[in-house]
Amino acid sequence: MTEDISGIANVTLVTAIVFVVLGLVANIALLSSQQRVNAVARRKVLVRTGADADADETKTDDAGKEATGTSTRRSGGLDTYATGFVVIALIAVTVYLVVRWVKVGHGPFSNGHEFSMAFAWGMLAAYLVAEWRFRLRVVSFAVLPVVAGALVYSLGQGSAIRELPDPLQHSLLLTLHVGFAVISYGAAAVSFGAAVAYLWDPKWLRVDRERLDELGYKAASVTFPTLTVMILVGALWGQISWSRYWAWDPKETAALVTWLFYGAYLHARVSRGWQGKGSAVMLIIGFGLIIFAYFSSYFLGGQHAYV
C-alpha cells in the first residue's frame, strides 16, 4: 500500500497551523486589551472607594476582582474568536486523522507524520479542556507554539501510506498504547504551559500564580497515570511482538525515566507540599523529558526506529 494522500495532508496541516497561530494572536490581543481595561477600571474603583496608594490590601483585591469582571464584559467577543480559532484547528486535525484512519485501516502510529499529528491533536484537546476549566488563557503562550511546531514537523514528514511493519500488526494494543501516549503528552503540554506562565509572570498580565500552580499540578496528575498505562500496554505489546516485555530500548528507557520523574514530582507535591517556583521548574523539565523520549528513536535508534 503506497497510496499518497499528501494533498489532503498539506491542506489540513496548513489550515491547522494558520488557525493555531490565529488563536495565539487572538489570545495575546485579548489578554493585552483586558489588562488595559483592568488598569483603567482598577483606578476608577479605587477612586470611587476612596482608596489611595496606602489603601488596605482588601480594598485593592476587591478592586482587582471588579476590574477583572469589567474586562470580561468588555472583551468585545475576542475571547470567542480566540477559542474558536483553536477549535477549528482541532477539528481540522481530527478530520484528517479520521480520514487517514479510515483509508489505512489503523490508528496514527505507523510513522512520525501520523504520530506528530496525533500529538498535536492531544495538545489542542488538552489546552481547550484547561481553558474551559481554569480560564487561564496565558497558558496558550507556551502550548500553542508547541502545537504549531508539531504540525510543522509533521508537514515535513512523508504522508504517503505504507504497510505496517510486523511489530505494529496488533492494531488494538498499539491504538491503546498511542492513545494513552497522546493523552499523557497533551496533559504534560498544559502543565508545561502553566509552569512557563508561572515563572514568566509578566507584570502587565497580573496572572493568578496560585491557579497556574494548581493547573500545572492537576495536568501532571493526568500525565502520570496515563504514562503508566501507556508503558504497561507497550510492555504487553512488546511481549506479543518481540517475546519480551522490556528490552531497554532507548525509547522505552526514556519513557521510564519520564515516568519516574513525574512520579517524583507528584510525591514531592503531595507528601511534602512542594509548590511554587521549584514545582514549575520540575514541570518544565518533565515536558523536556517527554520531548526527548519522543525523538529518542530518531537519533538513538532501537526497536522504535520505524516511528
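Residues numbered from 1 in each chain as written. Predicted model: local features only at pLDDT ≥ 70, side-chain atom pairs only at ≥ 80, totals over all residues. Heavy atoms only, no water.

Brief notes about the nonpolar core
So, step 1. Counting residues in hydrophobic clusters, the biggest one holds 75 residues, and the most contacted among them are Leu-124, Leu-151 and Leu-212.
So, step 2. Broken down by secondary-structure element, the contributors of at least two residues to this core are α1 (6-48), α3 (78-104), α4 (112-134), α5 (140-156), α6 (171-200), α7 (209-242), α8 (250-272) and α9 (277-300).
So, step 3. The greatest single-element share of this core, amounting to 14 residues, is contributed by α6.
So, step 4. In this structure Leu-151 touches Leu-13, Ala-16, Ile-17, Val-20, Val-93, Met-117 and Ala-120, once residues within four positions along its chain are discounted. (Core = buried A, V, L, I, M, F, W, Y, C linked by side-chain atoms within 4.5 Å. Buried < 20%, exposed > 50% of the residue type's maximum accessible area, 1.4 Å probe, protein only. Helix = DSSP H or I, 4+ residues; strand = E, 2+ residues; numbered from the N terminus. Contact = heavy atoms within 4.5 Å.)

Some words on the packing of aromatic side chains
So, step 1. Summed over the entire model, instances satisfying the criterion amount to 13 aromatic pairs.
So, step 2. Between Tyr-153 and Phe-295, the ring centres sit 5.4 Å apart and the planes meet at 85 degrees, which makes this aromatic pair edge-to-face. In this pair, Tyr-153 is assigned in helix α5 and Phe-295 in helix α9, connecting sequence segments 142 residues apart.
So, step 3. Exposure remark for Tyr-153: the relative accessible area of 23% places this residue in the partly exposed category.
So, step 4. Taking the relative accessible area as the measure of exposure, Phe-295 reaches 27% and is therefore partly exposed. (Phe/Tyr/Trp six-rings, centres within 6.5 Å; stacked < 30°, edge-to-face > 60°.)

What about the side chain of Thr-258?
So, step 1. Following the sequence through the fold, Thr-258 ends up in helix α8.
So, step 2. A residue is classified by how much of its surface remains accessible, and Thr-258, at 2% relative accessible area, is buried.
So, step 3. Discounting chain neighbours no more than four positions away, the residues touching Thr-258 are Leu-227, Gly-286, Leu-289, Ile-290 and Ala-293.

With respect to the packing of α4 against α5
So, step 1. Where α4 meets α5, the axes come as close as 8 Å, and the angle between the chain directions of the two elements is 160 degrees. Between α4 and α5, the interaxial angle falls into the category roughly antiparallel. Relative to α5, the crossing made by α4 is left-handed. For the pair α4 and α5, contact is made by His-113, Ser-116, Met-117, Ala-120, Met-123, Leu-124 and Tyr-127 and by Ser-140, Val-143, Leu-144, Val-146, Val-147, Ala-150, Leu-151, Tyr-153 and Ser-154, respectively.
So, step 2. Of the residues belonging to the contact of α4 with α5, the class tally is 12 nonpolar, four polar and no charged. (Axes fitted to C-alpha atoms, helices over the stretch in contact; angles between N-to-C directions. Parallel < 35°, antiparallel > 145°, perpendicular 65-115°, else oblique. Left-handed = near helix turned anticlockwise from the far one by under 90°. Nonpolar A, V, L, I, M, F, W, Y, C, P; charged D, E, K, R; others polar.)

Section: α3
So, step 1. Between its terminal C-alpha atoms α3 stretches 39 Å, which fits the 39 Å expected from 27 residues at 1.5 Å a residue.
So, step 2. Among all positions of α3, only Ala-82, Phe-85, Val-86, Ala-89, Leu-90, Ala-92, Val-93, Tyr-96, Leu-97, Arg-100 and Val-104 are buried.
So, step 3. One or two residues past the end of α3 sits Gly-105, with phi positive at roughly 80 degrees. (Expected span 1.5 Å × (residues − 1).)

Re the pattern of salt bridges
So, step 1. In this structure the tally under the stated criterion is four salt bridges.
So, step 2. The shortest N-O distance in the salt bridge between Glu-114 and Arg-100 comes to 2.6 Å. In this pair, Glu-114 sits in helix α4 while Arg-100 sits in helix α3, placing the two residues 14 residues apart along the sequence.
So, step 3. We classify Glu-114 as buried; its relative accessible area is 3%.
So, step 4. According to the relative accessible area criterion, Arg-100 is buried, its value standing at 3%.
So, step 5. Arg-137 serves as the salt-bridge partner of Glu-131, at 3.4 Å between the closest nitrogen and oxygen.
So, step 6. Judged by relative accessible area, which is 14%, Arg-137 ranks as buried. (Salt bridge = Lys/Arg side-chain N within 4 Å of Asp/Glu carboxyl O.)

Re the environment of Ala-188
So, step 1. Here Ala-188 shows up in helix α6.
So, step 2. Sequence separation of Ala-188 and Ile-290 is 102 residues, and the distance between their C-alpha atoms is 8.1 Å.
So, step 3. Residues in contact with Ala-188, not counting those within four places in the same chain, are Thr-223, Tyr-262, Phe-287 and Ile-290.

A word on the packing of α3 against α4
So, step 1. In contact at an axis separation of 10 Å, α3 and α4 are set at 145 degrees when each is read in the N-to-C sense. In the packing of α3 onto α4, the handedness of the crossing is left-handed. The residues of α4 that touch α3, namely those facing Thr-83, Val-86, Val-87, Ala-89, Leu-90, Val-93, Thr-94, Tyr-96, Leu-97 and Arg-100, are His-113, Glu-114, Met-117, Ala-118, Trp-121, Leu-124, Ala-125, Tyr-127, Leu-128 and Glu-131.
So, step 2. Counted by class, the contact of α3 with α4 contains 14 nonpolar, three polar and three charged residues.

By themselves, these are just geometric observations and shouldn't be taken as functional.
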